[in-house]
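What the coordinates show
Below, each chain spelled out in residue letters.
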Amino acid sequence: MAVDDTQTQTVTDGLQYAGQVIIETADIFSKVSDIKQSILGQLHQSGTTQSIHIYEDILCPFITGVVNVEESLSLSNFLPLVGEEYIHLKIYTPTLTGEANVIDRIFYIYNILDMKDTGNSSVYYQLQFISLEAVVNANTKLSRGFEGKISDIAIQLMGEDGLGTGKKKFIEQTINRTKFVANYWSPVKCLMYIASTSINKNGSPTFLYFENRFGLNFMSLDSMYAQKHKHVFNQSIFLKSSDVNTGAAVRDINKEYEKILNVEVPRGFNYLDRADAGMYGSRILTVDPTSKQFASVAFNVLTNFSKRNHLNSWPLLSKNAVFADT
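Summarised in this report is the structure supplied together with it. (Residues numbered from 1 in each chain as written. Predicted model: local features only at pLDDT ≥ 70, side-chain atom pairs only at ≥ 80, totals over all residues. Heavy atoms only, no water.)

**Remarks on the sheet that holds strand E13 (residues 215-220)**
The mixed open sheet is built from three strands, whose spatial order is E10-E13-E12. Of all strands in the sheet, those with a lone pairing partner are strand E10 (169-171) and strand E12 (207-212), marking the two edges. Shown here is a sheet whose adjacent strand axes are inclined to one another by a mean of 15 degrees, direction ignored. The sheet contact formed by E12 and E13 spans six bridges and is antiparallel. Looking across to E13, one finds that Leu208 is bridged to Met219. Contacting E12 and E13, helix H4 (residues 187-197) crosses the sheet at an angle of about 140 degrees to E12. (Pairing = 2+ DSSP bridges. Helix = DSSP H or I, 4+ residues; strand = E, 2+ residues; numbered from the N terminus. Axes fitted to C-alpha atoms, helices over the stretch in contact; angles between N-to-C directions. Contact = heavy atoms within 4.5 Å.)

As structure tokens, this is what we get:
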């Protein structure tokens with residue numbers, strides 16, 4: 001999510017264009033000096049494009065972001081900026097002020113970089129921030145055993161036995177159990193480990209742990225694929241509609257929200273890599289030396305496709321594809 005900070009003016013009677021947001025709060029405060037400083041006025045200056053970027057990624061355990069600042073207040077000495085600061089951000093879209101549509105959170109500033117003099121006694125730099133739970137995770141090492149249903153262990157690791165967060169938790173139930181010892185692992189390393197061994201009620205082993213604006217999530221791709229879509233995007237360049245009375249072209253903000261700004265496909269397909277990785281067909285052989293049990297599990301992409309939820313209606317290959325059916 002990229003937020004153009006030039007739209008800090010108060011606009012509450014409707015949207016002027018797609019992507020418009022209100023940055024109501026951007027405060028930095030320090031536990032060292034007990035000082036709080038708003039940087040709303042330092043997010044933009046004539047001749048530069050400064051902004052706030054907030055990133056959510058299902059492959060990342062925490063929300064991260066960057067604030068680009070240009071100021072002449074000497075905040076690095078005034079606060080001072082020493083790596084123990086926090087930033088409070090409140091950002092929302094006009095007309096969408098419900099709790100689910102507002103980012104109102106405190107983040108930890110963990111890095112400052114690209115500092116340079118821009119002239120006129122001002123300095124430019126970037127402040128990188130991350131969720132507070134990341135600080136807890138970096139300073140917590142677990143040396144203990146865990147046993148039980150995997151989804152129950154996930155609750156433990158997000159709670160007092162790990163991240164200690166009070167944020168909402170969305171945990172999909174697993175059908176399998178596990179037993180392992182955390183050898184001075186961080187809570188997130190434990191969560192990533194159990195995610196790699198989790199299976200949901202549909203038999204899907206595609207669990208992930210990640211954070212978004214709604215809370216902490218421990219769920220499978222299978223269950224996310226089954227959810228109803230939230231929005232539709234297209235590459236249409238026709239973003240205006242006609243007035244029913246005059247026939248004149250009018251701006252259609254809903255269509256602007258559907259526009260795809262950029263699409264890149266750095267790699268299409270590689271048949272040999274896919275075949276070597278077992279994407280088309282594979283067989284897993286397991287041996288349990290304790291119980292002296294042997295198991296063999298076969299996978300065929302065509303026969304298994306209909307048993308799982310997918311974003312696409314059709315598999316990536318036809319029934320005539322050449323592959324080893326194990």
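**Comments concerning the packing of aromatic side chains**
The full count for this structure, using the stated rule, is 10 aromatic pairs. The interplanar angle of 25 degrees and the centroid separation of 6.2 Å between the aromatic rings of Phe180 and Trp185 together place this pair among those described as stacked. Each member of the pair, Phe180 as well as Trp185, carries the same accessibility label: buried. Within the aromatic cluster, the residues linked to one another by ring pairs are Phe146, Phe180, Trp185 and Tyr193. Positioned over the ring face of Phe146 is Arg144, at 4.1 Å from the centre of the ring. (Phe/Tyr/Trp six-rings, centres within 6.5 Å; stacked < 30°, edge-to-face > 60°. Buried < 20%, exposed > 50% of the residue type's maximum accessible area, 1.4 Å probe, protein only. Lys NZ or Arg CZ within 6 Å of the ring centre and 35° of its normal.)

**Focus on H4**
Residues Pro187, Val188, Cys190, Leu191, Ile194 and Ala195 constitute the buried set of H4. The arc that holds every buried residue of H4, seen down its axis, measures 155 degrees, which confines them to one face. Each element contacted by the buried residues of H4 is listed here: helix H2 (132-138), strand E9 (142-149), helix H3 (150-158), strand E11 (177-185), E12 and E13. (Arc of directions from axis to C-beta.)

**So, the packing of H3 against H4**
H4 packs onto H3 with a crossing angle of 165 degrees between their chain directions and a minimal axis gap of 10 Å. The angle between the axes of H3 and H4 places the two elements in the roughly antiparallel class. In the crossing of H3 with H4, the sense of the turn from one axis to the other is left-handed. Each of Ile150, Ile153, Ala154, Leu157 and Met158 in H3 lies in contact with H4, whose residues at this interface are Pro187, Cys190, Leu191, Ile194 and Thr197. For the contact of H3 with H4, the class distribution of residues is nine nonpolar, one polar and no charged. (Parallel < 35°, antiparallel > 145°, perpendicular 65-115°, else oblique. Left-handed = near helix turned anticlockwise from the far one by under 90°. Nonpolar A, V, L, I, M, F, W, Y, C, P; charged D, E, K, R; others polar.)

**So, a nonpolar patch on the surface**
On the surface, Phe269, Tyr271, Leu272 and Val322 cluster together to form a nonpolar patch covering roughly 490 Å² of accessible area. Of note, Leu272 is situated in helix H7 (residues 271-277). For Leu272, a relative accessible area of 64% gives the class exposed. (Patch = residues over 30% accessible without salt bridge, like charges linked within 9 Å, V, L, I, M, F, W, Y side chains within 5 Å. Areas by Shrake-Rupley, 256 points an atom, 1.4 Å probe, with all protein chains shown as cover. Salt bridge = Lys/Arg side-chain N within 4 Å of Asp/Glu carboxyl O.)

**Points about the pairing of strand E7 (residues 102-119)**
In regular strands, side chains alternate between the two faces of the sheet. By the bridge criterion, eight bridges tie strand E6 (residues 85-92) to E7 in an arrangement that is antiparallel. If you follow Tyr92 over to E7, its bridge partner there is Val102. Pairing of E7 with strand E8 (residues 122-131), which is carried by nine bridges, proceeds in the antiparallel orientation. Counted as the bridge partner of Gly119 is Ser122 from E8. Connecting E7 to the antiparallel partner E8 that follows it, the hairpin turn spans two residues, and Asn120 within it adopts a positive phi of roughly 55 degrees.

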